[in-house]
Amino acid sequence: FSLCLVGTGGMACTMGPEPFAEDSSDERPKWDNKFQYLLSCIGFAVGLGNIWRFPYLCQTYGGGAFLIPYFIALVFEGIPLFHIEIAIGQRLRRGSVGVWKAISPYLGGVGLGCFTVSFLVSLYYNTILVWVLWYFLNSFQDPLPWSTCPLDLNRTGFVEECQSSSAVSYFWYRQTLNTTADINDSGFVQWRLLLCLAACWVIVYLCVIRGIESTGKVVYFTALFPYLVLTVFLIRGSTLPGATEGLIYLFTPNIRVLQNPRVWLDAATQIFFSLSLAFGGHIAFASYNPPRNDCEKDAVTIALVNSMTSLYASIAVFSVVGFKATNDYGHCQDRNILSLINTFDLPDQSVSRDDYPALLAHLNATQPARVAQLHLRSCRLEDFLDKSASGTGLAFIVFTEAIIHMPGAPVWAVLFFGMLFSLGLSTMLGIMEGIITPLLDLGVVPRSVPKEALTGVACLVCFFSALCFSLQSGNYWLEIFDNYAASLNLIIFAFFEVIGVVYVYGMKRFCDDVEWMTGRRPGLYWQVTWKLIGPLMLLFIFVAYIVILAQKPPSYRAWNPQYEHFPSHQEKLYPGWVQATCMLLSFLPSLWVPAVALAQLLTRRRRQKQQGVRPQL
Amino acid sequence: MLWPLFFLVTAIHAELCQPADAENAFKVRLSIKTALGDKAYAWDTNEEYLFKAMVAFSMRKVPNRETTEISHVLLCNVTQRVSFWFVVTDPSKKYTLPAMEVQSAIRMSRNRINNAFFLNDQTLEFLKIPSTLAPPSDPAVPIWIIVFGVIFCIVIVAITVLILSGIRQHRRNNDGPSEVEDAEDKCETTITVENGIPCDPLDTKDGCLNDAFVTEGERLTPL
């Protein structure tokens, strides 16, 4: 029975437990055991951002002090929103599209929007996996290919571009991406990346081929392997020289940084994106749970595991980064010492690093002109520690360079890129569930078509759409998608999710459902955060985001060997058509919400008119 | 009588081998300690003699210069760094050989010279002579393609196995008796609702359970 108040034309088309009845014709697949479900959710939440975004934020925003806004955001925003998602998915037992249609037909657009964003994100997220796979494949050799520059044509020196930047940067920008200097210049499809793209999508297909039947088995490996590798890196990293400097630098708290509102914004967005909210993936995963499952405990567990993983990863990452900084600092000093020895004809190896300052002072006093001619660089350890990076810069440039200097480099490279691949893959599985479950629930394909065919077609469509990222300008396009396609839309959808559940579905009804599922009624904390704090924080993030985006014209940093300040990146503005694309990406998926609401309104009006004409039964 | 001649020779020597001024002079820098560590040898006049011999040897390989002798190679300004300048003179010792010839000669025999001193291109530097770098050992098939092929084949095989087993399962389900399915329809895991309170799904593998005999208080008997 459904209480569709058609006569009043009101919004309250509240479908009761009718969704249960529809399941009678189609037994919904379910998880083999609770552990599989937890691992899938953890795998989905724990992704590349935990490795390469959180440590960077921690370090930029005053080390240990960043944990304060981070945990506040977790408690007041992350866990409540997460709880809503899995509770509603578990209760209504549908994917994102079905759930929102069930709550209110006017909110169906939220589900469709989540579906669209999942599709867009899957395209570029898998491209990052393509790059990781390429590095992984290249790690099975000694010496690693990014440790030395290739030789130039007459074999007298190294390639010019490599010489001016570094072997690692050259391998990333030239031999992997073969990037162009401008986004307008698309270049050709790189066949190496194309092969890896095909391989990645085939691997993803293998993992989602039977829905959660296959996903559930894969996550045992993809969700647990990263923890193993992180532990190994932690142990190895702690024995490397310079690791402690890196960790001290990372975690030294600087409380004053909390006065900067940007810190709070970044903490809130980090929690939001780190938990992979509003993709529809968590709703899909939870919909395969038995209805009586303690979703509250699951939500808290998964969110806490995600945050702990971020911390754990940042310790491992920063011990290695500290080692690299110490190494670079030593090389810097050695270069200066060599300059002095060569110029002043001192015996070979006669000056140690400790003697260097005294010697420099002495020479400065006696022969300042010659010393000045040398242009010695001042070496400070803090400068090298500051050179942290986030995102692809951390993984493919900073970390790869650090790995070269570790004994047994290929082993560490294989482990590191294997870990990144399984982290990304487990997140991809969640994103694909956010695409496939709605397709299955919508009944887009007839029931006679096997699930393998549906997932195959989905992966094929995604593969062809992602071809644009294997062009030479693909790196720039990926940045655009990363910055514009996901961020604003997800915040909008999360906002509508909270509003939809709390105000449209009804807080009382939702609390009743949660009580039925978990056995406990949600307490004051949940009610306050759902009703008030969650939506307010989302609104605040949304407005802050818009303000920041509007402040300066969007630009990108291009790798241009012809640039006068090469190897620094050249800051270029996006051309007009690219800016238009950014705008479209930011708002188009959200347009589903008003579009579907409008369509529903018109359909209802038409139906009302028809019923008004026909006699009432 | 011989003294003026001696002074003349040294003067000419000094003229020909001048650090930084002579256009055909090359600066050489050795880093023996860096290369050999504890096993480093001291740089003395005997080592200098060997160096002159190696340079003369390299020059002899050049056509037209087969008659170069050790005495034609002049070293000067040896420092503690161990660095010095050298020139190669022609047999008449009046002028130095052009830099291009010396450079090409040294480049050809660079490996022999390095080996004579247990050094390499980085520790025995000829400052104006670029060394020919060894090409990287490229295997015929890049390693990444091999690993890629292995992974790709495994994944394709796994997908094929899964699809085939899925097809076989599908066919078995279709051929199986459909009457069994009708009977099971009645006792499915439907979550029926009675009086606004949902009932728990029943485990119907062993038939239908009569709710009246279930001890949990929340369940209601289906009407």
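What you see is a predicted model, and the numbers here were worked out from it, not measured in a lab.

**Quick notes on the overall build of chain A**
Helix and strand counts for chain A stand at 26 helices and 4 strands. Compactness check: chain A gives a C-alpha radius of gyration of 27 Å against a globular reference of 25 Å for 617 residues, within 12% of the reference. The C-alpha extent of chain A, read off along each of the three principal axes, is 110 × 50 × 45 Å. Counting only residues that meet the buried cut, chain A has 56% of its 617 residues in that class. Partitioning the intrachain contacts of chain A with sequence separation of at least 6 by distance along the chain shows that 82% fall at a separation of at least 24.

**Some points on a nonpolar patch on the surface**
Residue and element names in this part refer to chain A. Nonpolar side chains collect at one region of the surface, where Ile-68, Ile-72, Val-75, Phe-76, Ile-255, Trp-264, Tyr-525 and Phe-540 lie side by side and expose about 660 Å² of accessible area between them. Put simply, the parts of the chain that give the nonpolar patch at least two residues each are helix H5 (67–92) and helix H24 (524–551). Here the nonpolar patch gets 4 residues from one element, more than from any other, and that element is H5. The topology assignment puts Phe-76 in helix H5.

**Let's talk about the domain arrangement of chain B**
As assigned here, chain B comprises domain 1 (16–126), domain 2 (138–172) and domain 3 (190–223). One C-alpha centre belongs to domain 1 of chain B, the other to domain 2 of chain B, and the line joining them spans 59 Å.

**Structural notes on the interface of chain B and chain A**
Many authors give the size of an interface as the accessible area that is lost as the parts come together. Across the boundary between the two partners, chain B contributes 42 residues, which contact 41 residues of chain A. For the pair chain B and chain A, the two sides together bury roughly 3,600 Å², of which 68% comes from carbon and sulfur. Notably, a salt bridge pairs Arg-81 of chain B with Asp-348 of chain A, separated by 3.9 Å at the nearest N-O pair. Joining chain B to chain A, the criterion identifies 9 residue pairs in polar contact (both at pLDDT 80 or more).

**A short note on the packing of aromatic side chains**
In total, this model carries 58 aromatic pairs over all chains according to the counting rule given. Above the plane of the ring of Tyr-505 of chain A lies Arg-509 of chain A, whose end atom (NZ or CZ) is 4.2 Å from the centre. A cation over a ring is seen here: Lys-128 of chain B above Phe-26 of chain B, with NZ or CZ 5.2 Å from the ring centre.

**Remarks on unusual backbone geometry**
For the bond running from Asp-142 of chain A to Pro-143 of chain A, omega is 0°, close enough to zero to count as cis. Structurally, Pro-143 of chain A can be placed in the loop between helix H7 (108–137) and helix H8 (160–164). Backbone geometry at Asn-77 of chain B places phi at a positive 55°, although glycine is not the residue there. The partly exposed category is assigned to Asn-77 of chain B, whose relative accessible area is 44%.

**Here's the deal with the UniProt feature "transmembrane region" (unreviewed entry) in chain B**
The UniProt entry lists residues 141–164 of chain B under the feature "transmembrane region" (unreviewed entry), expressed in the numbering used here. For residues 141–164 of chain B, the end-to-end C-alpha separation is 33 Å, with 92% helix and 0% strand making up the annotated structure.

**A look at the pattern of salt bridges**
Enumeration according to the criterion identifies 21 salt bridges over all chains in this entry. Linking Asp-383 of chain A and Arg-380 of chain A is a salt bridge whose minimum nitrogen-to-oxygen distance equals 2.9 Å. By relative accessible area, Arg-380 of chain A is classed as partly exposed at 42%. A salt bridge links Arg-110 of chain B to Asp-121 of chain B; the shortest N-O distance between them is 3.6 Å. Pair noted here: Arg-110 of chain B is in helix H5 (residues 110–116) and Asp-121 of chain B is in the loop between H5 and strand E4 (124–126), with a separation of 11 residues, a long-range link. Judged by its relative accessible area of 22%, Asp-121 of chain B falls in the partly exposed class. Put simply, Lys-508, Asp-512, Glu-515 and Arg-521 of chain A are held in one network by salt bridges that share partners.

**Overview of the pairing of strand E3 (residues 83–88) of chain B**
All names here are of chain B. By the criterion of burial, E3 is predominantly enclosed, with 6 of the 6 residues buried. Along E3, one buried face is formed by Ser-83, Trp-85 and Val-87 and the opposite face, lined by Phe-84, Phe-86 and Val-88, is buried too. Pairing of strand E1 (residues 26–30) with E3, which is carried by 4 bridges, proceeds in the antiparallel orientation. Residue pairing in the sheet places Val-28 in a bridge with Phe-84 of E3.

**Describing helix H3 (residues 45–60) of chain B**
Taking 1.5 Å per residue as the helical rise, H3 of chain B with its 16 residues ought to reach 22 Å, and the 22 Å between its terminal C-alpha atoms agrees with that figure. Buried residues along H3 of chain B sit against E1, strand E2 (73–76), E3, helix H4 (99–108), H5 and E4 of chain B.

**A look at the sheet that holds E2 of chain B**
Residue and element names in this part refer to chain B. Taken in spatial order, the 4 strands line up as E2-E3-E1-E4 in an open sheet, and their pairing is antiparallel. This sheet does not close on itself; its edge strands, each paired only once, are E2 and E4. Sheet twist, expressed as the average angle between the axes of neighbouring strands with direction ignored, equals 25°. The sheet strands contacting H3 are E1, E2, E3 and E4, and the helix crosses E2 at an angle near 140°.

**Overview of the confidence of the model for chain A**
Confidence in the prediction for chain A averages 87 pLDDT; 95% of positions are at 70 or higher. Low pLDDT, under 50, characterises residues 1–25 of chain A; the predicted model gives this stretch 37 contacts beyond four residues in sequence or across chains.

**Brief notes about the side chain of Arg-210 of chain A**
Along the chain, the position of Arg-210 of chain A falls in the loop between helix H10 (191–208) and helix H11 (212–239). At a separation of 2.7 Å, a polar atom in the side chain of Arg-210 of chain A contacts the main-chain carbonyl oxygen of Leu-162 of chain B. The residues touching Arg-210 of chain A, leaving out its near neighbours within four places in the chain, are Lys-451 and Glu-452 of chain A together with Leu-162, Ser-165 and Gly-166 of chain B.

**Focus: the UniProt feature "binding site: Na(+)" (unreviewed entry) in chain A**
All names here are of chain A. Within the UniProt annotation, "binding site: Na(+)" (unreviewed entry) is assigned to Gly-43, Ala-45, Val-46, Asn-50, Ser-274, Asn-306 and Leu-423. Their sequence span is 381 residues, while the largest C-alpha to C-alpha distance among them is just 12.5 Å; these annotated residues converge on one region. Inspection of the secondary structure assignment puts Ala-45 in helix H2 (residues 34–45). Discounting chain neighbours no more than four positions away, the residues touching Ala-45 are Asn-50, Ser-274, Leu-275, Ser-276 and Asn-306. When you line up the elements, Ser-274 lands in helix H13 (residues 261–274). Residue classification places Ser-274 among the buried residues on the basis of a relative accessible area of 6%. For Ser-274, the residues in contact, after removing those within four places along its chain, are Ala-45, Asn-50 and Asn-306.

**As for the nonpolar core**
Among the nonpolar cores identified, the biggest contains 184 residues, and Trp-201 and Phe-417 of chain A are the most heavily contacted of them. Per element, the largest residue contribution to this core is 18 residues, and it comes from H7 of chain A. With sequence-adjacent residues up to four places away left out, Trp-201 of chain A is seen in contact with Ser-122, Asn-126, Met-428, Met-432, Cys-459, Cys-462, Phe-463 and Ala-466 of chain A. Core analysis: the next-biggest nonpolar cluster, separate from the first, contains 28 residues, Met-59, Ala-99, Ala-105 and Ile-129 of chain B among them.

Cut-offs and rules
Residues numbered from 1 in each chain as written. Chains lettered and ligands numbered in written order. Predicted model: local features only at pLDDT ≥ 70, side-chain atom pairs only at ≥ 80, totals over all residues. Heavy atoms only, no water. Helix = DSSP H or I, 4+ residues; strand = E, 2+ residues; numbered from the N terminus. Rg over C-alpha atoms; globule rule 2.2 N^0.38 Å. Buried < 20%, exposed > 50% of the residue type's maximum accessible area, 1.4 Å probe, protein only. Contact = heavy atoms within 4.5 Å. Patch = residues over 30% accessible without salt bridge, like charges linked within 9 Å, V, L, I, M, F, W, Y side chains within 5 Å. Areas by Shrake-Rupley, 256 points an atom, 1.4 Å probe, with all protein chains shown as cover. Salt bridge = Lys/Arg side-chain N within 4 Å of Asp/Glu carboxyl O. Domains from an automatic or database assignment. Buried area = accessible area lost by both parts, 1.4 Å probe. Polar contact = N/O pair within 3.5 Å; in protein donor to acceptor, adjacent residues only side chain to side chain. Phe/Tyr/Trp six-rings, centres within 6.5 Å; stacked < 30°, edge-to-face > 60°. Lys NZ or Arg CZ within 6 Å of the ring centre and 35° of its normal. UniProt positions renumbered as here; feature names shortened; annotations may be inferred. Pairing = 2+ DSSP bridges. Expected span 1.5 Å × (residues − 1). Axes fitted to C-alpha atoms, helices over the stretch in contact; angles between N-to-C directions. pLDDT = per-residue confidence, 0-100. Core = buried A, V, L, I, M, F, W, Y, C linked by side-chain atoms within 4.5 Å.

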